[in-house]
Every structure is written in C-alpha cells, then in structure tokens.
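# An overview of the molecular structure
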Amino acid sequence: MTSNTSAAAAAHGVDIAGLREHVEANFEKILTELTELVAIPGIAWESFDPANLEQSAQAVAALVEAIGVDSVEILREPTDEGTMGSPAVVARRTAKPGKPTILLYAHHDVQPPGDPADWNTPAFEATRVGDRLFGRGAADDKAGIMVHVAALRAVLDRVADFGVGVTFFFEGEEEAGSPSFRNFLEAHQDKLAADVIIVADSSNWAVGTPALTSSLRGMAAAEIEVRSMTHAVHSGMFGGPVLDAPLLAAKLISTLHDENGAVAVPGLVSNDHADVDYSEEQFRADSGLLDSVSLAGTGKITDRLWNKPALSVIGMDMPSVDHSSNTLIPRTRFKVSMRLAPGQDSAAALKALEEHILAQDVRGAEVTFTATEAGSAYQADLHAAANEKAQWALAQAWGTEPVSMGLGGSIPFIADLLEVFPQAQILVTGVEDPDSRAHSANESLHLGDFKNAIVAEALLLARLDSEGL
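So, how was this worked out
- Residues numbered from 1 in each chain as written.
- Predicted model: local features only at pLDDT ≥ 70, side-chain atom pairs only at ≥ 80, totals over all residues.
- Heavy atoms only, no water.
- Domains from an automatic or database assignment.
- Contact = heavy atoms within 4.5 Å.
- Buried area = accessible area lost by both parts, 1.4 Å probe.
- Salt bridge = Lys/Arg side-chain N within 4 Å of Asp/Glu carboxyl O.
- Helix = DSSP H or I, 4+ residues; strand = E, 2+ residues; numbered from the N terminus.
- Nonpolar A, V, L, I, M, F, W, Y, C, P; charged D, E, K, R; others polar.
- Buried < 20%, exposed > 50% of the residue type's maximum accessible area, 1.4 Å probe, protein only.
- Phe/Tyr/Trp six-rings, centres within 6.5 Å; stacked < 30°, edge-to-face > 60°.
- Lys NZ or Arg CZ within 6 Å of the ring centre and 35° of its normal.
- Core = buried A, V, L, I, M, F, W, Y, C linked by side-chain atoms within 4.5 Å.
- Pairing = 2+ DSSP bridges.

Here the focus is the domain arrangement of the protein. Along its sequence, the protein is organised into domain 1 (4-216 + 378-467) and domain 2 (218-270 + 309-375). Relative placement of domain 1 and domain 2: their C-alpha centres are 37 Å apart. Contacts between domain 1 and domain 2 engage eight residues on the former and five residues on the latter. Buried surface at the junction of domain 1 and domain 2, both sides included, amounts to about 420 Å², of which 55% is carbon and sulfur. In terms of surface lost to domain 2, no three residues of domain 1 exceed Leu216, Ser410 and Pro412, which account for 67% of the buried area on that side. If you look at where domain 1 meets domain 2, you find zero salt bridges. Elements that contribute at least two residues to the side of domain 1 that touches domain 2 include exactly strand E10 (211-216) and strand E17 (378-379). Looking at the side of domain 1 that touches domain 2 residue by residue, the class counts come to three nonpolar, five polar and no charged.

Structure below.
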C-alpha cells in the first residue's frame, strides 16, 4: 500500500476522509452502545433464560430504528422439530432505482460465559483494558452488529442522496447452531433478498492487518456410546478380566489420529494450497500451546487450519475424579467434533467416521454411533465485483493490503444463504483477531481494528452507491 493511496481523501467517488472523520467523532458513542449490548446475557441455549434473548432483540431493534429505516421487525420461525426459534431483528431501507441492495448479517446471541473464576473482568460488563474491550459478545458478535449500524449511520450522514438498499438481519441463535435459520430464510425470502450479503462474524489476519475470509471449513459431530457390561461392579472383585467402558472408549479415540497427530479417518478430504503461512512461534503464542507440546499434522500450519480435517473429543460422560469410586464403569459416551476441508461433503464425512469407529476392535463391546450435526464448507468467489471493492475498502481503512485467508472455524448457515440466494455475492468479514478468544473466557475486541472495520464498511457502502456492482 503506497502512502498516497492510504492517505487519499477521496477516490471512486467516495469521501474517504469525511467518513473516517464521522467514525472518529462518534466512536465513544459507538462504544457506549456496544457496552450496553454486552450487558445483556442473551444465550439461545435451552438451559438459559429466554427473556434475556428477548431483551437483546429489543435493544438491537431500538438501535436500528433510531437510524431511520423503513421498517424494523422482530421475527421468529419454527425449527424442523417444531419448536419456535429465537428472535431475529430484520430492518429494511429500500433501494432507490438502479441501486443495489446489501444484506448486513450479524448475531445478537452469545456463548455461555463459563466459569466466572476464569474471567479477569465480569463477563457481561464491557471493560476497557488498554487497547482492548473485554466481555462476552464484545467481539462475537455484538461488535459485528455495531459495525453494521455505525457504518450505515456514517454514510447516511456523509453521503448525499445515499441510495443503496440496506437490510439488517441480526440473528438470535447462531451460537446454538441456527436451528431455525433455513426455515427463517425461506419464510422471509422476499425481505432478505439482496445483491450482496456481508456476514460480519469472522476474523482478521492479525491486529493491524485486515482480512476477507476466503474459505471456511465445514463441520460435523457425532456421539459415540461404548457399553461393555450390563451394570457397574466392584473394580477389585472383577478388575483384570474386564476392561470397562472408558478404557475401551480410549482405545477407540486413540485410532482417530496417526503418529504425526493427523486425522487418520479414511475418506476425508485433505488439501495443501494455502498461499500464506502462519509462523509456529506466532501460532503457539496465539493458541496458548505449551512449549513442550509438539504441533499435530504435517504441512503448512495454515493448511492444517484451513484445508485439512480436524477432529476433537469435546465431551465425555463418566464420573468426575472428585466423584469417582472403585467401580468398573459399564457404559460411557463421548462426543466427536470434526472440521472438514472445503470440498468435503459433510454427510460423507460422517459416514466415513462411523465406518472407522465401528471397524475398530474393542473386544466385542457394543458401540453405538449417532450423528448430531453437519454443516457445509464455504469457498469464496475471489473474482466477484463486491470482493474487489471490499478489498479496496479494507486497504483504505487500515492503510495496508488485506489478506484473503481461510478460517478453521465453520459458519454452516452460509451454505443456506448460497442456496436460497444463489445470485448474491457473499463477503465474510469480521472484527476479531487471533487474541480475541471468542467462545472462551476473557473474550475481547481490539478497539483500533473495530474502528477500522466500521470505516471499511462505510467506504464499501459508499463505493457501491457511487459505482454500483
């Protein structure tokens, strides 16, 4: 990025300096609004109070209504099982003739906070520490909501006769797996139809370096139950001839990776085509991996994160150490979560995992495999017109060239967006960075990158108004 370009006051019919000035002047207000959203513990899991989700949706709707849009609605649709989904906010500003319509997506629900003892600050009290804002949802994804809201406010204030149509879609159950998402899209297809869809729920390459997400791994999950006895027995009286269920489950789990730590399930897609790499030193610092622990897998770290499968055991049912006794345990259950390379069919991946699990020798124990989740991978069209304009906007906002990066995480609903709106161009952006710790204790947002993300989206909206697609 040349100094002339990064310091440009105007280009492509866009008042770059004026939009940046608007964001700068209103940034403390934006942080106050974000702080108020973080204070609402809206969690879409069944074990949490749904009244908080209602309060969260109402607060977001009030923010959007204050901008001055044509309509604001809080809507919900049932899941495939018939239970009612969580509240989503949909607001619309109609496009003027000849102008495109942009759908701005984020989600207002958050992950559970976990153990309060793991937090350095209160989970639902946004706390500024240095150049970061800590709190559950401060990054994922209430910051995404505020990027959309603040960007539209900026262009409405600084772009004369702004004519781009804008639809806000702020979901309320993304962290619970978006169970009513597809039904919601189909029920409100006319309200959500757009030329460009911007999903603000991803990450940047590093603090100070923006990114557009070029690929996302798919995901799949399954629960495996192992049963070796009809009932529990005394470990002293029967131990020796009998291996109990947790030991046999451990034997199963040990077959899931090879000697290098790479996933060893036959039939899973694995690729090596990342254009950039991630230094081991930086990866260790970002992940918190102990110095004594070797990295798993082979090839570039970015390929291992973006283009190869990953498999984790994320839960296991058996007595805790504090509640253990000298007993042989007759049955246990564990949950496997897989991340899938782009190009992998999730149903085929689950079938491959099931065949692998059921083929293992566990001394005749009963093994039951139950698939629980599946979501498709995403591969961006890097040559789409909206992508080029977004790259320009990010470069102007940050003053450095953006990276097109894959992401190890999954956003399965993007596949639904592509199927319901096949003509739309999709951009996956975000405000997180490798130290944001989304889903973990001490989640945080880098304030400088947050400000730049708002500026970038305002610039993109202004350029779409000036030039169209």
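After that view, the rundown keeps rolling.
Close approach of charged atoms allows side chains with opposite charge to pair. Applying the stated criterion across every chain yields a total of 24 salt bridges. Across the pair arginine 158 and glutamate 21 runs a salt bridge, and its minimum N-O distance is 3.1 Å. Of this pair, arginine 158 sits in helix H4 (residues 142-158) while glutamate 21 is found in helix H2 (residues 16-38), placing the two residues 137 residues apart along the sequence. Assessed through its relative accessible area of 48%, glutamate 21 is described here as partly exposed. In this structure, a network of salt bridges that share partners links the residues Arg182, Glu186, Asp416 and Glu419.

On to the packing of aromatic side chains. Applying the stated rule across the entire model yields 11 aromatic pairs. Summarising the aromatic geometry, the rings of tyrosine 105 and phenylalanine 181 are spaced 6.4 Å apart at their centres and angled 80° between planes, so their arrangement reads as edge-to-face. With tyrosine 105 in strand E5 (residues 101-107) and phenylalanine 181 in helix H5 (residues 181-187), the pair connects residues that are 76 residues apart, well separated along the chain. Of the two residues, tyrosine 105 and phenylalanine 181, neither departs from the other in class, the shared state being buried. Taken together through their ring pairs, the aromatic side chains of Tyr105, Phe169, Phe181, Phe184 and Phe413 make up a single cluster. Looking at lysine 451, its charged tip hangs above the ring of phenylalanine 27, at a distance of 4.7 Å from the centre. One cation-aromatic arrangement involves arginine 463 over tryptophan 392; the distance from NZ or CZ to the ring centre is 5.1 Å.

Glancing now at the environment of proline 241. Checked against the element boundaries, proline 241 lands in the loop between helix H7 (235-238) and helix H8 (245-254). Remark: the alpha-carbon pair of proline 241 and glutamine 189, spanning 52 residues in sequence, is separated by 61 Å.

Looking now at the nonpolar core. Judged by nonpolar contacts, the single largest core of 67 residues is most densely connected at Leu19, Val155, Phe168, Phe170, Leu445 and Phe450. Broken down by element, the residue count for this core peaks at 12 residues, all from helix H14 (residues 447-467). Leaving out residues up to four positions away in the same chain, phenylalanine 450 has contacts with Phe27, Ile30, Leu31, Leu34, Ala143, Met146, Val147, Val431 and Leu445. Within the second largest apolar cluster, 31 residues are counted, among which are Trp306, Ile411, Ile414 and Val420.

With that settled, consider the pairing of E5. Counted residue by residue, E5 has seven buried out of seven residues, so it is predominantly covered. Across the two faces of E5 the burial is the same, with Thr101, Leu103, Tyr105 and His107 and Ile102, Leu104 and Ala106 all buried. Where E5 meets strand E8 (residues 165-171), seven bridges bridge the pair, whose relative direction is parallel. Bridge assignment links alanine 106 to a residue of E8, and that residue is phenylalanine 170.

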